[in-house]
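Next come the chains, spelled out residue by residue.
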Amino acid sequence: MSPRYAHVTGWGMAVPEKIITNQDLAKMVDTTDEWIVDRTGIRQRHVADEHQTTASLAVEAALRALIVASLRPSDLDLIIVSTSSPEHIFPATACLVQDRIGATKAGAFDLSAACTGFVYALTLASQAIKSGAIQNALVIGAETLSRLTDWKDRNTCILFGDGAGAFILQASEEPGGVLTSVMRSDGSGGDLLSLPAGGSRHPTTLQTVYDGLHYIQMNGREVFRFATRVMSQATREAVDAAQLTLADVQLIVPHQANQRIIEAAMRGLDIPMDRVMMNLERYGNTSTASIPIATCEAINQGRLKPGDNVVFVAFGAGLTWGSNLVKWSGPFPVRRKVSPRRFRWLARLRSWLARLRRHLEGLIWGRDRSI
Ligand code: UT7
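Quick summary incoming for the structure in this document. Bear in mind the structure is a predicted one, so any value in this text is a computation, not a measurement. (Residues numbered from 1 in each chain as written. Predicted model: local features only at pLDDT ≥ 70, side-chain atom pairs only at ≥ 80, totals over all residues.)

Within the secondary structure, Gln-127 sits in helix H5 (residues 117–130). Along the primary structure Gln-127 and Leu-195 are separated by 68 residues, whereas in three dimensions their C-alpha atoms are 30 Å apart. (Helix = DSSP H or I, 4+ residues; strand = E, 2+ residues; numbered from the N terminus.)

Next up on the list: the sheet that holds strand E11 (residues 251–254). The strand order E8-E13-E12-E11 describes an open sheet built from four strands, whose pairing is mixed. Among the strands making up the open sheet, the edge pair consists of strand E8 (177–185) and E11. Pairs of neighbouring strands in the sheet enclose a mean axial angle of 15 degrees, with direction left out of account. Sheet topology note: the E8/strand E13 (residues 320–327) ladder contains eight bridges and is antiparallel. Each residue of the ladder has a partner; that of Thr-180, found in E13, is Leu-325. Where helix H10 (residues 290–300) meets the sheet, it contacts E11 and strand E12 (309–316), and its direction lies at approximately 145 degrees from that of E11. (Pairing = 2+ DSSP bridges. Axes fitted to C-alpha atoms, helices over the stretch in contact; angles between N-to-C directions. Contact = placed C-beta atoms within 7 Å.)

A few words now on helix H8 (residues 259–269). Structural remark: α-helix, 3.6 residues per turn; residues separated by three or four positions point the same way. When we look at burial in H8, the residues that qualify are Ile-261, Ile-262 and Ala-265. All buried residues of H8 project into a common sector of 95 degrees when viewed along the axis, lining one side. In this fold, the buried residues of H8 make contact with helix H7 (220–241) and E11. (Buried ≥ 20, exposed ≤ 12 C-beta atoms within 10 Å, placed from the backbone. Arc of directions from axis to C-beta.)

Lining the immediate surroundings of the ligand are 20 residues, of which Thr-31, Arg-154, Gly-220, Phe-224 and Ala-257 lie closest. Listing elements by their share of the shell around the ligand, those giving two or more residues are helix H2 (33–40) and H7. Take the shell around the ligand: its biggest share by element is five residues, from H7. (Near = placed C-beta within 6 Å.)

Put simply, H7 and H8 touch, their axes get as near as 9 Å, and they point 40 degrees apart. The pairing of H7 with H8 is recorded here as oblique in orientation. When you trace H7 past H8, the crossing you get is right-handed. Listed contacts from H8 to Phe-224, Ala-227, Thr-228, Met-231, Ser-232, Thr-235 and Arg-236 of H7 are Ile-261, Ala-264, Ala-265, Gly-268 and Leu-269. Partitioning the contact of H7 with H8 into residue classes produces seven nonpolar, four polar and one charged. (Parallel < 35°, antiparallel > 145°, perpendicular 65-115°, else oblique. Left-handed = near helix turned anticlockwise from the far one by under 90°. Nonpolar A, V, L, I, M, F, W, Y, C, P; charged D, E, K, R; others polar.)

Ranked by size, the top nonpolar core spans 109 residues in total, and within it Ala-62 and Val-97 carry the most contacts. By residue number, the principal contributor to this core is helix H3 (residues 54–69), which donates 11 residues. Filtering out sequence-adjacent residues up to four positions away, Val-97 remains in contact with Ala-55, Ala-58, Val-59, Ala-62, Ile-79, Val-81, Ala-108 and Ile-140. (Core = buried A, V, L, I, M, F, W, Y, C linked by C-beta atoms within 7 Å.)

Here we have five strands laid out as an open sheet, ordered E1-E7-E6-E4-E5, and mixed in their pairing. Every other strand in the sheet has two partners, leaving strand E1 (5–14) and strand E5 (107–111) as the edge strands with one partner each. Each strand of the sheet is rotated relative to its neighbour by a mean of 20 degrees, with strand direction disregarded. Of the pairings in the sheet, the one linking strand E4 (residues 78–82) to E5 comprises five bridges and is parallel in character. The residue of E5 that forms the bridge with Ile-79 is Ala-108. Strand contacts of H10: E1, strand E6 (136–143) and strand E7 (163–172), with the helix running at about 90 degrees to E1, the strand carrying the most contacts.

Let's shift gears to the environment of Leu-251. Along the chain, the position of Leu-251 falls in strand E11. Placed 26 residues apart in sequence, Leu-251 and Met-277 show a C-alpha to C-alpha distance of 7.0 Å. The residues touching Leu-251, leaving out its near neighbours within four places in the chain, are Arg-275, Met-277, Ala-298, Arg-303, Leu-304, Asp-308 and Val-310.

Another point: H3. Its 16 residues place the ends of H3 23 Å apart at the C-alpha level, agreeing with the 22 Å of an ideal helix rising 1.5 Å per residue. Within H3, 14 of the 16 residues are buried, leaving the element largely enclosed by the surrounding structure. (Expected span 1.5 Å × (residues − 1).)

Structure follows, in structure tokens:
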């Protein structure tokens, strides 16, 4: 088999309309706009309204990515949703997305690697394409961390925002796409950033809720120290593995956690900030969604073009960290009109018919058993 490459041919993002500014937060907890901007670089964050969920934002981002790639949902072989705020423990949010967009031939699963999740998901999807196992993949990073945030805890509520971003990956024999990937972890630091309750270790009880264990807990200072170290290390490793130098990289898209973390990491690499995509000022830390959202904005601003080498680099709970070096492609030159409204309508109809069929089969099976 001739070598196969996994190209990024579509991208899309979705953020809720509702915005919470630092001034709004200063009315809720003991903080100031000046403190938040100075320590994080964040000025505002988008927050889901009561009708929006991780899956609904993921679906919006996915449909936009499909349009850019001129692909139908039924062309997809695999859907990975990276998230730390899934709709449920199970079923996977990826399966809800599969149903709502009508990706009738796709396998679907969630990936839990916190803020590093999108980098991990891109790695797995690209490897599945390169191996010849699949042709087209949809990779989504989506979060509604506002639902898991204690809005009375000034250590965490100032940081996070909601949103989703999606990439389409497609196979080709043309060199390019996701060239190298780095995936690392250190579970000994798991307690530095966690959501302790609601799983099998601490099932939800009145006591866990009373103790606030269903909210994000974080040792900010320790996470900060870890992050500055691994962000530069992972960037260098992905570039070295591709046998390139940092001078060959046109753009770095780092996980948008904290401006000081990113600046310290880039200083360590001698990379000027004009080669680094930043947008956390307007979105806060959207965890695993931050890299695809920042990428969409970089493309819209003309900062990422076909042929460019771009590094995605992230760190997060776990602890996890990782990076990808991608030769940016853009859509394949197959133009056909794809209509998101039609996809959604057809998917809803198909889902309804599948439920009806299951219901009728259940009735028939029940009657047969009683015979
Ligand atoms: O995707 C990964 C997610 N996590 C992260 O990226 C977290 C990484 N860490 C950070 O971004 C920073 O550690 C924070 C922004 C969370 C905190 O900044 P810091 O410069 O590390 O502050 P600190 O934790 O060392 O706290 C300094 C002071 C403390 O007061 P004392 O003990 O010195 O009197 C805090 O109580 O600032 C206080 N403080 C605040 N003051 C005003 C903590 N949060 C706030 C706040 N407003 N929101």
